[in-house]
Amino acid sequence: MQCNKFCRCISAVFKLKFVSESNHYKAFDGLRGFAAISVVLFHIGHWLGVPWLATNSGLAVDLFFCLSGYVMVLAYGACLKESMTLAKFARVRLVRLMPMILLGLLISILYSVISIFAKHEPVDQLALALAFLLAMVNLPYLHAPTSIGGPQVFPLNGPQYSLFLELAANFVWALLRRIDGLVLSLSLTVVSFALMLLFPGGGDETATFWQGIPRVCTSFCLGVALFFADARFLQGRAAGSRLWHWLFWISVVAMVVIFYTPVPLHALSQWL
């Protein structure tokens, strides 16, 4: 028993090949891939001025947050309650995410610097250096000057804000690991959703940065709640049920329709 627990923890930490099939959801890989492509098309549409391209795919970010909530409990829940310290959890998450963050930053800063200097306009080079240093440690730059990409809080790599919010949600969840559960996660989802409707905003710009907190909490806590609901009500009973397969594919089709409807939908319509 102790060996199995140890192997599960090591598997979760290092993503080794001996993770059991029951701990790997292949459907999640498909959803992540679909969401990633949708986000890329969404940004390309904004970049090229093509408003009908993946118009509502900003919601793919929230899908990532939701998947993250489920996967955090699946991969690290037992380890955190048994032996893993907060410091080790933080190290594992940073080792997992920071290489991709830095790679994305290096690509985007090349484009940003070329674009900035190609305009032949005065640039605050100190602000540019500060933006780069903050992005290197995945921290937002509030009130960044427009000459380097402000008011985005990650002016050199705008989408990086979502990774900042995800890591923040991960660490807060780890702090609450001993009191989490279905009731708490559902309660936090409802409260965060209400706050998000009252204070709508993306979280990627200085003016809406703090509004990104209820946004990430809504989706992340929903993912946690789905994990506990799955464990309590579905596992062992619905496995292989054709009903759940049909519901999954109906939900996927609905998601595709919402993401790729060529006109912006009302925020509440998107969420519902």
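Scroll up a little and you will see the structure.
Here's a quick rundown of the structure. (Residues numbered from 1 in each chain as written. Predicted model: local features only at pLDDT ≥ 70, side-chain atom pairs only at ≥ 80, totals over all residues. Heavy atoms only, no water.)

**Points about a nonpolar patch on the surface**
Turning to step 1, where the next piece is worked out: Taken together, the side chains of Val-40, Ile-44, Trp-47, Leu-48 and Tyr-111 present a nonpolar region at the surface, about 550 Å² in accessible area.
Turning to step 2, where the next piece is worked out: Ranked by the residues each element gives to the nonpolar patch, the list is headed by helix H2 (residues 26-48), at 4 residues.
Turning to step 3, where the next piece is worked out: Relative to the elements of secondary structure, Ile-44 occurs in helix H2.
Turning to step 4, where the next piece is worked out: For Ile-44, a relative accessible area of 31% gives the class partly exposed. (Patch = residues over 30% accessible without salt bridge, like charges linked within 9 Å, V, L, I, M, F, W, Y side chains within 5 Å. Areas by Shrake-Rupley, 256 points an atom, 1.4 Å probe, with all protein chains shown as cover. Salt bridge = Lys/Arg side-chain N within 4 Å of Asp/Glu carboxyl O. Helix = DSSP H or I, 4+ residues; strand = E, 2+ residues; numbered from the N terminus. Buried < 20%, exposed > 50% of the residue type's maximum accessible area, 1.4 Å probe, protein only.)

**A look at the nonpolar core**
Turning to step 1, where the next piece is worked out: Counting residues in hydrophobic clusters, the biggest one holds 53 residues, and the most contacted among them are Tyr-76, Leu-80, Phe-89, Tyr-141, Ile-148 and Trp-173.
Turning to step 2, where the next piece is worked out: When residues of this core are traced back to their parent elements, those giving at least two are H2, helix H3 (59-82), helix H4 (86-118), helix H5 (125-136), helix H6 (160-175), helix H8 (212-234) and helix H9 (242-260).
Turning to step 3, where the next piece is worked out: A total of 14 residues in this core trace back to one element, the largest contributor, which is H3.
Turning to step 4, where the next piece is worked out: Excluding its chain neighbours within four sequence positions, the residues that come into contact with Phe-89 are Met-72, Tyr-76, Leu-80, Met-84, Asn-170, Phe-171, Trp-173 and Ala-174. (Core = buried A, V, L, I, M, F, W, Y, C linked by side-chain atoms within 4.5 Å. Contact = heavy atoms within 4.5 Å.)

**A word on unusual backbone geometry**
Most peptide bonds adopt trans geometry, and most residues besides glycine take a negative phi value.
Turning to step 1, where the next piece is worked out: One non-glycine residue with positive phi stands out, namely Ala-54, at about 50°.
Turning to step 2, where the next piece is worked out: Inspection of the secondary structure assignment puts Ala-54 in the loop between H2 and H3.
Turning to step 3, where the next piece is worked out: Ala-54 sits in the buried class, given a relative accessible area of 1%.
Turning to step 4, where the next piece is worked out: Positive phi outside glycine occurs at His-143, with the angle close to 60°.

**Quick word on the pattern of salt bridges**
Turning to step 1, where the next piece is worked out: By the definition in use, this model includes 3 salt bridges.
Turning to step 2, where the next piece is worked out: For Glu-166, the salt bridge is made with Arg-93, and the minimal N-O distance between the two is 3.8 Å. In this pair, Glu-166 is assigned in helix H6 and Arg-93 in helix H4, connecting sequence segments 73 residues apart.
Turning to step 3, where the next piece is worked out: Residue Glu-166 is classed as buried on the basis of its relative accessible area of 14%.

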